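Commentary on secondary and tertiary structure
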Amino acid sequence: MVNVNGRVAIVTGGSRGIGAAIAKELAANGIKVAINYNSNSEAAEAVVQEIEQAGGEAFAAQANVSDSAQARVLVEETINKYGKLDILVNNAGITRDRTFRKITEEDWKSVIDVNLNSVYNMSTAALSHIQESDAGRIINISSIIGQAGGFGQTNYAAAKAGMIGFTKSLALELAKTGTTVNAICPGFIDTEMVQAIPDEIRAQIVAKVPARRFGLPEEIACGVLYLCQDGEYITGQQLNINGGLYM
Ligand code: NAP
């Protein structure tokens, strides 16, 4: 088991939902966390405050991670603040759901940019620092939709499946170095992203989940901590946290 106390992590999209839960869980275990957000600074500062009140260390860092220059600055800021980087959690994501006939080029590009190109931007900026760690971790928050597809989600499914292919390939390249690369594939988790789904569709989704409920952001955060602490021999994998919806 890796002693994670004193390690440094970046959580992209760490200001709300799953990312906020991940940031809090890592900080509660002694990891210093850069909490990235794009537009909502108040939400990010609230997470920082909560972490500090609980005795942890964190700071809020604005960056649109779909922009490679901003991703580089985010990594530099973290190195300037904490002196190193051990863990990168690529969590920032958006949806622009529409059936394929209605999807616009903008819907397509923005979802690929924020969900997938951000993973390249952040990983390439962070890699040399992570490789200096004796337990480097890249953890990509993909989705069940990248595995099973989703109605009205060609853009999102393509991005999330792309994250899985990226995870496996980079894991192969880094396996000998002690840095692991894994994906977590959440099912339907109760965050603003899922709260935006119309009520009747939400009810239909829950009825299909063998566990008969949405997941909690904290349940994804536990998976991230597990991969950081106990995951030394786990690389290139998809950790499904989905209440049995996809096996
Ligand atoms: P959420 O509540 O909508 O939060 C999204 C987070 O991403 C926010 O912190 C947001 O910051 C940030 N973000 C968005 N665009 C960004 C950008 N360009 N640069 C930097 N940060 C950006 O989403 P969530 O439900 O927690 O989802 C988190 C991740 O899990 C996403 O990748 C999502 O695809 C994945 N996921 C979610 C579910 C689910 O059921 N909720 C299921 C499977 C996978 P601002 O508010 O500042 O924009």
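What comes next concerns the included structure. (Residues numbered from 1 in each chain as written. Predicted model: local features only at pLDDT ≥ 70, side-chain atom pairs only at ≥ 80, totals over all residues. Heavy atoms only, no water.)

Let us now look at unusual backbone geometry. Despite not being glycine, Arg 212 has its phi angle at roughly 60°, a positive value. In this fold, Arg 212 is placed in the loop between helix H8 (199-208) and helix H9 (217-229). (Helix = DSSP H or I, 4+ residues; strand = E, 2+ residues; numbered from the N terminus.)

Remark: helix H1 (residues 17-28) packs on helix H2 (residues 41-53), axes separated minimally by 10 Å, with the N-to-C direction vectors making an angle of 20°. Classified by the interaxial angle, the pair formed by H1 and H2 is roughly parallel. Note that H1 runs across H2; the crossing there is right-handed. On H2, the residues touching Ala 20, Ala 23, Lys 24 and Ala 27 of H1 are Val 47, Glu 50 and Ile 51. Looking at side-chain class alone, the contact of H1 with H2 contains five nonpolar, no polar and two charged residues. (Axes fitted to C-alpha atoms, helices over the stretch in contact; angles between N-to-C directions. Parallel < 35°, antiparallel > 145°, perpendicular 65-115°, else oblique. Left-handed = near helix turned anticlockwise from the far one by under 90°. Contact = heavy atoms within 4.5 Å. Nonpolar A, V, L, I, M, F, W, Y, C, P; charged D, E, K, R; others polar.)

In sheet architecture, strand pairing relies on hydrogen bonds along the backbone and comes in two forms, parallel and antiparallel. Overall, parallel pairing links the seven strands, which are arranged E3-E2-E1-E4-E5-E6-E7 in an open sheet. Both edges of this open sheet fall to strand E3 (58-62) and strand E7 (238-241), since each of them pairs with a single strand only. Taken pair by pair, the neighbouring strands of this sheet meet at an average axis angle of 20°, ignoring direction. Packing of helix H6 (residues 154-174) onto the sheet brings it into contact with strand E4 (87-90), strand E5 (137-141), strand E6 (180-186) and E7, and relative to E6 it is tilted by some 160°. The strands touched by H9 within the sheet are E4, E5, E6 and E7, with E5 carrying the most contacts at an inclination of about 155°. (Pairing = 2+ DSSP bridges.)

Attention now goes to the pattern of salt bridges. With the rule as written, the count across this model stands at eight salt bridges. Notably, a salt bridge pairs Glu 50 with Lys 24, separated by 3.4 Å at the nearest N-O pair. With Glu 50 in helix H2 and Lys 24 in helix H1, this residue pair connects regions lying 26 residues apart in the sequence. The exposure class assigned to Glu 50 is partly exposed, which follows from its relative accessible area of 42%. Across the pair Arg 213 and Glu 219 runs a salt bridge whose closest N-O atoms are separated by 2.7 Å. Taking relative accessible area as the criterion, Arg 213 reaches 42% and is therefore assigned partly exposed. With a relative accessible area of 31%, Glu 219 lands in the partly exposed category. (Salt bridge = Lys/Arg side-chain N within 4 Å of Asp/Glu carboxyl O. Buried < 20%, exposed > 50% of the residue type's maximum accessible area, 1.4 Å probe, protein only.)

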